[in-house]
Amino acid sequence: MSLENFIFLLYILVLASYCGFELIAKVPPTLHTPLMSGSNAISGITIVGAILCVREGDISKYLGMVALVMATINVVGGYAVTDRMLQMFKKKK
């Protein structure tokens, strides 16, 4: 990877991190549960990409495995948090 590509990818990472932080910081608490469900869907796409990376050889195999484990933890945890938040809104009998 050339230095120009690295700087470009670093620029995209910093810009995406800033935009994501600003977007999430302005979300009202009532929208957190639907937003969590949407982010779980995005993490599901990450899992598919990680599975494709695991099939390849070399270092991408190990990076894909790490991405697969981390995305799976994110999805399972996100669904657990979403379920717990939805339980708070159910009427008690």
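Residues numbered from 1 in each chain as written. Predicted model: local features only at pLDDT ≥ 70, side-chain atom pairs only at ≥ 80, totals over all residues. Heavy atoms only, no water.

Asker: In this structure, what is going on with the overall build of the protein chain? I would like to understand it.
Answerer: Along the protein chain, the regular secondary structure elements total three helices and zero strands. Reading the protein chain from its N end, one meets helices and strands in the order α-α-α. Relative to the globule expectation of 12 Å for 93 residues, the C-alpha radius of gyration of the protein chain, 17 Å, shows a markedly less compact shape. Each of the three principal axes of the protein chain carries a C-alpha extent, and together these read 60 × 30 × 15 Å. The burial tally for the protein chain puts 13% of its 93 residues in the buried class. Sequence separation of at least 24 residues holds for 60% of the intrachain contacts in the protein chain that already meet a minimum separation of 6. Accessible surface, the protein chain as shown: approximately 7,900 Å² in total, 74% of it carbon and sulfur. Across the protein chain, the centroid of the 8 positively charged side chains sits 24 Å from that of the 5 negatively charged ones. (Helix = DSSP H or I, 4+ residues; strand = E, 2+ residues; numbered from the N terminus. Rg over C-alpha atoms; globule rule 2.2 N^0.38 Å. Buried < 20%, exposed > 50% of the residue type's maximum accessible area, 1.4 Å probe, protein only. Contact = heavy atoms within 4.5 Å. Areas by Shrake-Rupley, 256 points an atom, 1.4 Å probe, with all protein chains shown as cover. Lys, Arg positive; Asp, Glu negative; His and termini not counted. Charge placed at Lys NZ, Arg CZ, Asp CG, Glu CD.)

Asker: Would you take a moment to explain the pattern of salt bridges for this structure?
Answerer: For side chains bearing opposite charge, pairing can occur when the charged atoms are close. Under the definition given, this model contains one salt bridge. Its salt-bridge partner being K26, residue E22 comes within 2.8 Å of it at the nearest N-O pair. (Salt bridge = Lys/Arg side-chain N within 4 Å of Asp/Glu carboxyl O.)

Distances and angles like these do not, on their own, reveal function.
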